[in-house]
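# An overview of the molecular structure
These are the residues of each chain, in order.
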Amino acid sequence: MPLRILDVPEQMLFATTAQAFLEKEASLGVVRDLHARDASFESAWWQRAAELGWSGLLVPEDLGGGSVSGDGVADLALIAEQAGRTVAPGPLHPVSVVLAGLADTPGGHEETIEALVAGRSVGSWATYEPGRPFDPTSPRTTATRTPNGYRIDGVKDRVEAGDRADVFLVVADCDGTPRQFLVPAGIPGVDVTEQRTVDLVKKHARVRFDGVQIDASAVVGSAEQTAAVLERQRQIALLLQCAETVGILDTVLAFTRQWLLDRHSFGRPLASYQALKHRYADMKMWFEACRATTAGAAAAVGARSTDAPLLVSVAKAYVAERAPVMLQDCVQLHGGIGVTWEHDLHLYLRRAVLNRAMYGSPEDHHRAVYAMSRKVPA
């Protein structure tokens, strides 16, 4: 059962079409083949996904986007959940986060938005910095004003799909205030180094900006708008992680249940043993809580609710904390076969572990939830 299917036939068709596309074009076999070729995704594949409407869900219709249900966040969460079922490749997450920022401050960037929505271009959010936790509000990368625009200096790392990106949305300090700038990947002074992750196909990059000269038009939004735009992007990034992880958990729990029913020990199916029943029941309960917290976050982010910062942290704290534990339990329930390269379990575990680490750890978000909860009046 998906996170949130509205009573809209078009959305149901959208979800089933995405599922069929992923099963055919981004199956686990495709993921393994990409890994064998040391590739992350095929550009033609991403363009076909964009043609299905995935990339424009957060973009208004007058800028070339649109959503089938009228709630782009809900539609995007459904796609992320479906992608989790096959641990699909592709830049859905970074492109969506970049477009979330540009859609709120589109002035002068319409061509970039059009290229990203059409799948002709890949964008990525450059916000992490080496040796520092996730905090887009205090960058050390600098943007210095010049007669013709700005000069960008600094290093970003953990830039998702950075090795394939055509443009970076860079968070930099400008006159003591965080601002965002669109920086083309191919201009002088930009150096990109691939970074590998535990995931088979998701790659990141370290991007060095050494005296990069950009026009004044590269700035995204005003200084007054930037804080709200950064928060919006943070919420979208976290929601996509959680929704994808929910899809992962739903799929793994389903084939673990089938394994317990099919596998026999001493003439009895494994599912008949009480200890294993209780273990699976606990995981099912945790999964439903993961899905509920993620659905709550999706609704709040879609409505731009004042509760959205709290609810996305609640979802990330719970989902990222429980998912690796649940998947490790599934590995144990599969016995020796669960730890083999040939079994698909580790593909899902790798993606969940990567999601756990990005955009704040569960511990970081537990602290955030505590801090925000203290501000709520009794």
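Quick caveat, the model's predicted, so the values are computed rather than measured.

### Considerations on the overall build of the protein
Helix and strand counts for the protein stand at 11 helices and 10 strands. The C-alpha radius of gyration computed for the protein amounts to 21 Å, which stays within 12% of the reference 21 Å derived for 378 residues, consistent with globular compactness. Projected onto its principal axes, the C-alpha coordinates of the protein cover approximately 80 × 55 × 45 Å. Across the 378 residues in the protein, those meeting the buried criterion constitute 53%.

### Quick word on the pairing of strand β7 (residues 204-215)
Direction of pairing for strand β3 (residues 149-160) relative to β7: antiparallel, over a ladder of nine bridges. What sits directly across from V159, in β7, is A205. Here strand β6 (residues 190-195) runs beside β7; their pairing, made up of six bridges, is antiparallel. Bridging from a neighbouring strand, V192 pairs with V207 of β7.

### Some remarks on the UniProt feature "domain: Acyl-CoA dehydrogenase/oxidase N-terminal" (unreviewed entry) in the protein
Mapped onto this numbering, the UniProt entry annotates "domain: Acyl-CoA dehydrogenase/oxidase N-terminal" (unreviewed entry) at residues 9-90. For residues 9-90, helix accounts for 60% and strand for 0%, while the C-alpha atoms at its two ends are 27 Å apart.

### What about the pairing of strand β2 (residues 142-146)?
A regular strand places its side chains on the two faces of the sheet in alternate fashion. Of the pairings in the sheet, the one linking β2 to β3 comprises five bridges and is antiparallel in character. Counterpart to A143 in the pairing with β3 is I152. Once β2 ends, the chain turns through two residues before running back antiparallel as β3.

### Some thoughts on the domain arrangement of the protein
Taken as a whole, the protein is organised into domain 1 (9-121), domain 2 (124-221) and domain 3 (226-374). Once you take the C-alpha centre of each, domain 1 and domain 3 turn out to be 22 Å apart. Tallying the contact residues gives 24 residues for domain 1 and 27 residues for domain 3. Interface area for domain 1 against domain 3, summed over the two sides, is near 2,100 Å², with a carbon-plus-sulfur share of 64%. For domain 1, the biggest contributors to the area lost against domain 3 are R32, V73 and R85; these three give 27% of the whole. Across the domain 1-domain 3 interface, the total number found is three salt bridges. Across the salt bridge formed by D344 and R32, the nearest N and O atoms sit 3.2 Å from each other. Taken together, the links from domain 1 to domain 3 amount to 10 residue pairs in polar contact (both at pLDDT 80 or more). Those elements that place two or more of their residues in the side of domain 1 that touches domain 3 are α2 (28-36), α4 (72-85) and α5 (92-104). Considered class by class, the residues forming the side of domain 1 that touches domain 3 number 12 nonpolar, seven polar and five charged.

### Thoughts on the nonpolar core
Ranked by size, the top nonpolar core spans 89 residues in total, and within it W46, W54, W125, I236 and Y359 carry the most contacts. At 14 residues, helix α7 (residues 223-262) tops the list of elements feeding residues into this core. W46 has contacts with F41, W54, S55, P91, L92, V95, G119, S121 and V122, leaving out every residue within four places of it along the chain. The next biggest cluster of nonpolar side chains, apart from the first, holds 21 residues, and it includes V159, F168, V183 and V207.

Reading the values: rules and limits
Residues numbered from 1 in each chain as written. Predicted model: local features only at pLDDT ≥ 70, side-chain atom pairs only at ≥ 80, totals over all residues. Heavy atoms only, no water. Helix = DSSP H or I, 4+ residues; strand = E, 2+ residues; numbered from the N terminus. Rg over C-alpha atoms; globule rule 2.2 N^0.38 Å. Buried < 20%, exposed > 50% of the residue type's maximum accessible area, 1.4 Å probe, protein only. Pairing = 2+ DSSP bridges. UniProt positions renumbered as here; feature names shortened; annotations may be inferred. Domains from an automatic or database assignment. Contact = heavy atoms within 4.5 Å. Buried area = accessible area lost by both parts, 1.4 Å probe. Salt bridge = Lys/Arg side-chain N within 4 Å of Asp/Glu carboxyl O. Polar contact = N/O pair within 3.5 Å; in protein donor to acceptor, adjacent residues only side chain to side chain. Nonpolar A, V, L, I, M, F, W, Y, C, P; charged D, E, K, R; others polar. Core = buried A, V, L, I, M, F, W, Y, C linked by side-chain atoms within 4.5 Å.

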